[in-house]
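Fold and geometry: a report
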Amino acid sequence: MKDLKPHPRWLLATLAALAVGCADDASTSHALLTADAAVDAPPARPRVRLLVDADRDGTVSDTGDDETYRASWDATHGAVFLANVDDDDDDDALDGADDAVNGEADALDLARVRVAPIAGLADGATGRLTLTGPTTPTVRVFRNDGGAWRRVDLEGETLSTDDLRAGLELGVESSDFPTAEWPGEITLALAVTRGDEAVGDDRVTMRVAPFVVSTSLDEATRVYATGGGGIISLTRFLNDLGSITGDDAMELEVIDGLDPDWREADHGPDVWTQDYMEHGWTSMPGGAEPHGMNVVLRTPRPDRRIAAWTRRDFVGPDRGYVWRHSARYPASRTHDPSLDSFGNMEVIPPYAGHPFGRVFHGNVAARGSDPKLREFINAQRVQGPILELDTSWLHVGHVDEFASFIPVDSPRGWKLLVASPRAARAQLQAMVDADPANGELVMFSGQRWFYPQGHPMEGRSYSAARTINSILADAELMAFNQRDQAHIDLVREALQTEAGLSDAEVIEIPFLMWEIENGQGAAYMPGTVNLLLYGHSVTMAKPHAALVNGVDFMQTYLSGLMRAEGITAHFAEQWDILHAAEGEVHCGTNALRRIPAHGAWWEANR
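Residues numbered from 1 in each chain as written. Predicted model: local features only at pLDDT ≥ 70, side-chain atom pairs only at ≥ 80, totals over all residues. Heavy atoms only, no water.

Brief notes about the packing of aromatic side chains
The tally for this structure, following the rule as stated, stands at 18 aromatic pairs. With centroids separated by 6.0 Å and ring planes inclined at 25°, the aromatic side chains of tryptophan 73 and tryptophan 601 adopt a geometry described as stacked. Residue tryptophan 73 is located in the loop between α3 (65-68) and β2 (79-81), and its partner tryptophan 601 is located in the segment after β33 (589-593); the two are separated by 528 residues in the primary sequence. Like tryptophan 73, the residue tryptophan 601 is buried in the burial classification. When the ring of tryptophan 601 is compared with that of tryptophan 602, the centres are 5.5 Å apart and the planes differ by 75°; the resulting orientation is edge-to-face. When the ring centre of tryptophan 323 is taken as origin, the NZ or CZ atom of arginine 298, which lies over that ring, is 3.8 Å away. The ring of tyrosine 321 is capped by arginine 311, whose NZ or CZ atom sits 5.7 Å from the centre of that ring. (Phe/Tyr/Trp six-rings, centres within 6.5 Å; stacked < 30°, edge-to-face > 60°. Helix = DSSP H or I, 4+ residues; strand = E, 2+ residues; numbered from the N terminus. Buried < 20%, exposed > 50% of the residue type's maximum accessible area, 1.4 Å probe, protein only. Lys NZ or Arg CZ within 6 Å of the ring centre and 35° of its normal.)

This is the structure:
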């Protein structure tokens, strides 16, 4: 008889099952099999989980979509973190520029990540966090130790067994916004090991919030203008602006254009408040409404001295700052610093395919703006790519010289306003047709022009007054306006086509242009399309048109045009300080606007 070898355990179990089966005791059979399987099964592997606010409800949960979609990104799922570019502790340093969490307010700007407690973790297990993302800007990870935040050293720090068993709260921030090289996405991973044994790992995907340019339809909280020097014409404009904003209960802040830090005492104040800064915002999910901050974008021009106000005075709690320009600011003939002014960067309000609007910008190959500015806006994706419009026919070359927007009660919610020499000529001709005597009424009474630089009479003034008849009979002026109308019609068509606007959604704002030099023009009649909008109130340049029964007929016409759309029109005196220098009300003002209540930019999924 051969020696009997021990039967394999599975064979013994099978024989036992057969024996029991003969006795018709099936339940006992299953019990034995189950008990035997439990003897052989390896111990359950600890579950390693990183959790983020993947469902964008402002909290991080252990279950549901936060877990399911923690490594996803689409219109409805995916975690967001902020470029922490404000200064919550008012220490004159941007919060994202250091390795500290600067108080409770700054902690709110961290996107939370949770290391879920790992049950049954053996002694000696440790965890390592790794981050896949940009080399610049800097993305930092902090850990919350009983309310005290400190930065995690991703190169050398490990999470202890106790950390992993108890779970841990982390916070993530970026020092800056997406760039052309970095689309803003990171992967944060956690690997848990015990000696050489891999215990488990997990990873989450996060995307940094972009800089979003405010649209003129967003709710304004403050209007800015620049003063200084006691200049009579500037004082008149600021007084009018102060009265208008005061009546509307809108806060007005006048920036000191002659502050010694700007070193402008010998030049006079830089009154072009629209041009040296652009306001926007950034946000991440925060519960009932997004959590974020207002952010000011400084003009690329390093030589725009007053632009330093944006860093020195604007930045603070929930007020951030960003500056984009070429490392060596362009100085070639193909670069035009004027195009780096923010009157040359506006936003079409929201429309199909662009729920936060689309940035448009004036540019031509012969004289372009700083490419780093355009590169930055395009890298944000939400409002891009930038719609480039030809402004070569304008002397200054800014898009706000011919286009603006107002809110209206319609399915779209807004209309486009465009400059219209055609409408201006029609208005003047209608005056004469109504009564030939009107042709001798005087336009621009009491106003003046100034001889340009290089002219023998440079700096001296001459009367701007002309009759309606003389303007209509000026063949050169009329021919120039016909050419400019053709240019305006082209950019109007581009804007209409882009946003799908019907002709009924475009309002022509009448004023004439005139040639400044080399076929390039500027507003001859005050450019009333270049306006300040907040709420349902617009402030335009006083037209200084002819008086009919003591009232400016163009002011009456524009007031009626706006009233028909539910807008109240105001008029400010700015001829000498702005209009005569080829600018208008929009050029000389700016506005801080709230983060939209619907500011879920992530739903754009661009």
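Quick notes on the sheet that holds strand β8 (residues 185-194)
Overall, mixed pairing links the four strands, which are arranged β2-β9-β8-β4 in an open sheet. The strands lining the two open edges of the sheet, one partner per strand, are β2 and β4 (126-132). Recorded for the sheet is a direction-independent mean angle of 35° between the axes of neighbouring strands. Here β8 pairs with strand β9 (residues 197-208) via ten bridges, running antiparallel. What sits directly across from isoleucine 186, in β9, is methionine 206. (Pairing = 2+ DSSP bridges. Axes fitted to C-alpha atoms, helices over the stretch in contact; angles between N-to-C directions.)

Side note on unusual backbone geometry
Negative phi characterises most residues that are not glycine, and trans characterises most peptide bonds. In this structure, the amide linkage connecting threonine 136 to the following residue, proline 137, adopts the cis form with an omega of -5°. Summarising the element assignment, proline 137 is placed in the loop between β4 and β5 (139-145). In this model, glycine 384 is joined to proline 385 through a cis peptide bond whose omega is -5°. Mapping proline 385 onto the fold places it in the loop between α8 (371-380) and β18 (387-389). In the Ramachandran plot, phenylalanine 444 falls in the positive-phi region, its phi being about 60° despite a non-glycine side chain. Within the secondary structure, phenylalanine 444 is located in the loop between β21 (442-443) and β22 (448-450). On the accessibility criterion, phenylalanine 444 (0% relative accessible area) is buried.

A word on the confidence of the model for the protein chain
In this model, the protein chain carries a mean pLDDT of 91, and residues with pLDDT of at least 70 account for 92%. Contacts from residues 1-38, a stretch scored under 50 in pLDDT, to residues over four places away or in other chains number eleven contacts. (pLDDT = per-residue confidence, 0-100. Contact = heavy atoms within 4.5 Å.)

Some remarks on the side chain of asparagine 102
Examined against the element boundaries, asparagine 102 turns out to sit in the loop between β2 and α4 (104-107). At a separation of 3.3 Å, a polar atom in the side chain of asparagine 102 contacts the side chain of aspartate 95. Among the polar contacts made by the side chain of asparagine 102, one reaches the side chain of aspartate 98 at a distance of 3.4 Å. Excluding residues within four positions of it along the chain, asparagine 102 makes contact with Asp88, Asp89 and Asp95. (Polar contact = N/O pair within 3.5 Å; in protein donor to acceptor, adjacent residues only side chain to side chain.)

A look at the environment of valine 60
Inspection of the secondary structure assignment puts valine 60 in the loop between β1 (50-52) and α3. Here valine 60 falls in the buried class, since its relative accessible area comes to 19%. With 19 residues separating them in the primary sequence, valine 60 and alanine 79 have C-alpha atoms 9.8 Å apart. If we ignore the near neighbours within four places in the chain, the residues touching valine 60 are Leu51, Val52, Asp53, Asp66, Arg112 and Arg114.

Looking at the pairing of β33
Within β33, five of the five residues are buried, which leaves it mostly tucked inside the rest of the structure. Because side chains alternate across β33, one face comprises the buried residues Thr589, Ala591 and Arg593, and the other comprises Asn590 and Leu592, equally buried. Where strand β11 (residues 220-227) and β33 come together, five bridges link them in antiparallel fashion. Across the sheet, alanine 220 pairs through a bridge with arginine 593, a residue of β33.

Quick notes on the sheet that holds strand β3 (residues 111-115)
Here five strands make up an open sheet; going across it, the order is β1-β3-β7-β5-β6 and the pairing antiparallel. Each edge of the sheet is formed by a strand with only one pairing partner; in this case those strands are β1 and β6 (148-151). Within the sheet, the average angular offset between the axes of one strand and its neighbour, ignoring direction, is 30°. Sheet analysis places β5 next to strand β7 (residues 168-174), joined by five bridges and oriented antiparallel. Bridge pairing in β7 links arginine 140 to glutamate 173.

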